[in-house]
Amino acid sequence: MSVFDHHEFDNHEQVVFCSDKKTGLKAIIAVHNTNLGPSLGGCRMWNYIDSGDALNDVLRLSKGMTYKAAMANLKLGGGKSVIIGDPRKDKTPEMMEAMGRFVDSVGGKYITAEDSGISLDDLLLMSKHSSHVTGIQSRYSFHGGEADGNPAPATAYGVFVGLRESVRYALKSDLQGVKVAIQGLGHVGYRLAKHLKEAGAQLFVTDIYQEQLAKAESELGATIVSPEEILSLDVDVLAPCALGAVINERSLPHIKAKVIAGAANNQLAVEAHGEELKAKGILYAPDYVINAGGVIDIYHQKQSDSSGEQLKEHIEQIGSTLSEIYERAEQLNKSTNTVSNLIAEERFGLS
Ligand code: NAD
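The structure presented is a predicted model; accordingly, all values stated were derived computationally and were not measured.

**A few points about the overall build of the protein chain**
Secondary structure summary: the protein chain contains eleven helices and eleven strands in total. By the compact-globule yardstick of 20 Å for 351 residues, the protein chain fits well, its C-alpha radius of gyration being 20 Å. Going through the 351 residues of the protein chain one by one, you find that 54% of them count as buried. A fraction of 64% describes how many contacts in the protein chain between residues 6 or more apart in sequence connect residues 24 or more apart. Accessible surface, the protein chain: about 15500 Å² in total, of which carbon and sulfur atoms supply 49%. Of the charged side chains in the protein chain, 34 are positive and 45 negative, and the gap between their average positions amounts to 1 Å.

Quick look at the structure:
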């Protein structure tokens, strides 16, 4: 298979195929663009159908990281790595150490972190062989208590800031009494719900697990709705915090919210849905911009002199970045996702 002719190939600077016979490791590291700094992106372990499937993922995800880092005002580029295999069956400590050696072999052009199938313990094993591993130190917790090494608090705070700015822009109001529907009360969704409750919003929530719902009802006074209802609720804001592709041909005609602002990755099933949201007068906060709090957190861990306050201030820039996107989108009469990509490309020097 040719990498250069691959449909996801986008002038990636470097694509490294890694094979370690002793541990059975088969991995690919992709560095998309380093114009703004070394590339950062998580390491994913997944039971890919074949190496073509893995290549597809690593090319696509590393490119996405370049756009995300640029919009998060980070001096970083985009990269990603994938390990081919079932994380529950095939992973061994020796394999993770071998991955650490491969990360190191790229010489700092690629910095790795956590992603699906890779845990904090795996990163610690990789870090025995490379200093280009991040996401392994304690973080700022945002709600008091212990920082537990999880990027979700930073992501949730960023989504909160971005949602608040989107409401200010679209509805000319603060969050007092604003109705927000949250799909998914996981690591990010529940923390977002807490921030919103503190700001006076009225919450409508769903999840497929009862435990989280009962907690949201008793602790936050949230109204529980079914997973089938959440996307079409008559609310001000829809916050997708569970799955990708929730804005699709089936859901689009039924969305009544005026603002879509949530943590989930790849919310639009296809980019063209951004235009349809614009036509319906719905303000869409591009997912990779609003959910960048976690990557900002990871960046600050690499800065030895960074404080919790500096991290918080940096995450708060998500608000001004979104206003810039919204204003430009209005001036250019384009969808917010298109304009976000344009601004990112200006920043990392593509246009
Ligand atoms: P999570 O797995 O902790 O939470 C997801 C929640 O969604 C779970 O409680 C799950 O039960 C629920 N859910 C799954 N399917 C559902 C459905 N059909 N209807 C309603 N609820 C459903 O994940 P998370 O870490 O909270 O991340 C949430 C989303 O944000 C994901 O798309 C993730 O990729 C994205 N994201 C997370 C981070 C982060 O720092 N954790 C950063 C960027 C993006």
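Once the structure has been displayed, the description carries forward.
**Considering the nonpolar core**
A general feature of soluble globular proteins is that nonpolar side chains tend to end up buried together. Core analysis: the largest hydrophobic core is formed by 66 residues, its most contacted members being Leu163, Val180, Ile182, Leu196 and Leu203. Sorting elements by how many residues they give to this core places helix α4 (residues 152-171) first, with ten residues. For this core, the two domains that each supply at least three residues are domain 1 (6-126) and domain 2 (152-339). Here leucine 203 is in contact with Val180, Ile182, Ala193, Leu196, Lys197, Leu220, Ala222 and Thr223, once residues within four sequence places are set aside. Counting 21 residues, the second largest nonpolar core, distinct from the first, contains Leu25, Ala27, Met95 and Leu125.

**So, the sheet that holds strand β4 (residues 77-84)**
Spatial strand order, β1-β2-β4-β3-β5: five strands in an open sheet with mixed pairing. One side of each edge strand has no neighbouring strand; the edge strands of this open sheet are β1 (14-20) and β5 (110-114). Neighbouring strand axes in the sheet, compared pairwise and without regard to direction, differ in orientation by 25° on average. Sheet topology places strand β3 (residues 39-46) next to β5; five bridges connect them, and they run parallel. From the neighbouring strand, leucine 40 faces β5, where its bridge partner is isoleucine 111. Lying on the sheet, helix α1 (residues 51-71) is in contact with β1, β2 (25-33), β3 and β4; it crosses β4 at an angle near 155°.

**Considerations on the packing of aromatic side chains**
For the structure on display, the rule yields four aromatic pairs. Ring centres 5.4 Å apart and planes at 80° place the aromatic pair phenylalanine 4 and phenylalanine 9 in the edge-to-face group. Phenylalanine 9 sits in the buried class, given a relative accessible area of 19%. Arranged with centres 5.0 Å apart and planes meeting at 75°, the rings of tyrosine 67 and phenylalanine 348 form a pair that is edge-to-face. Taken together, the positions of tyrosine 67 in helix α1 and phenylalanine 348 in helix α11 (residues 336-348) put the pair 281 residues apart, joining distant regions of the chain. Accessibility assignment for this pair places tyrosine 67 and phenylalanine 348 in one class, buried. A cation sits over an aromatic face here: lysine 172 above tyrosine 169, 5.3 Å from the ring centre. The ring of tyrosine 190 has lysine 215 lying over it, and the distance from NZ or CZ to the ring centre is 4.5 Å.

Calculation notes
Residue positions within a chain follow its written sequence, with the count starting from 1. In keeping with the model being predicted, local features are shown solely for residues with a pLDDT of at least 70 and side-chain atom pairs are shown and tallied solely at 80 or more, while totals for entire chains, interfaces and linings include all residues. Here the side-chain values reflect all heavy atoms present in the structure, with hydrogen atoms and water set aside. Secondary structure follows DSSP: runs of H or I at least 4 residues long count as helices, runs of E at least 2 residues long count as strands, and numbering of each begins at the N terminus. All radius of gyration figures rest on C-alpha atoms, and the globule criterion is 2.2 Å times the number of residues raised to 0.38. Throughout this description, buried means an accessible area under 20% of the type-specific maximum (1.4 Å probe, protein chains only), exposed means over 50%, and partly exposed covers the range between. In this description, contact between two residues means that some pair of their heavy atoms is separated by no more than 4.5 Å. Accessible surface is estimated by sampling points in the Shrake-Rupley manner with a 1.4 Å probe; for residues, cover comes only from the protein chains shown. Positive charge is attributed to Lys and Arg, negative charge to Asp and Glu, and no charge count is given to His or to the chain ends. For the purpose of locating charges, the reference atoms are NZ of Lys, CZ of Arg, CG of Asp and CD of Glu. Buried residues of nine kinds, namely Ala, Val, Leu, Ile, Met, Phe, Trp, Tyr and Cys, make up a nonpolar core once their side-chain atoms join them within 4.5 Å. The start and end points of each domain follow an automatic or database-based domain assignment. DSSP-based pairing: two strands are paired if at least 2 bridges between them are found. Each axis is a line fitted through C-alpha atoms, and for a helix only the stretch in contact is used; angles between axes span 0 to 180 degrees, taken between their N-to-C directions. Two aromatic rings, drawn from Phe, Tyr or Trp (for Trp, its six-membered ring), form a pair once their centres lie within 6.5 Å of each other, and the interplanar angle then sorts them: stacked below 30 degrees, edge-to-face above 60, tilted otherwise. A positively charged side chain is recorded as over a ring if its NZ (Lys) or CZ (Arg) lies within 6 Å of the ring centre. The angle to the ring normal must also be within 35 degrees.

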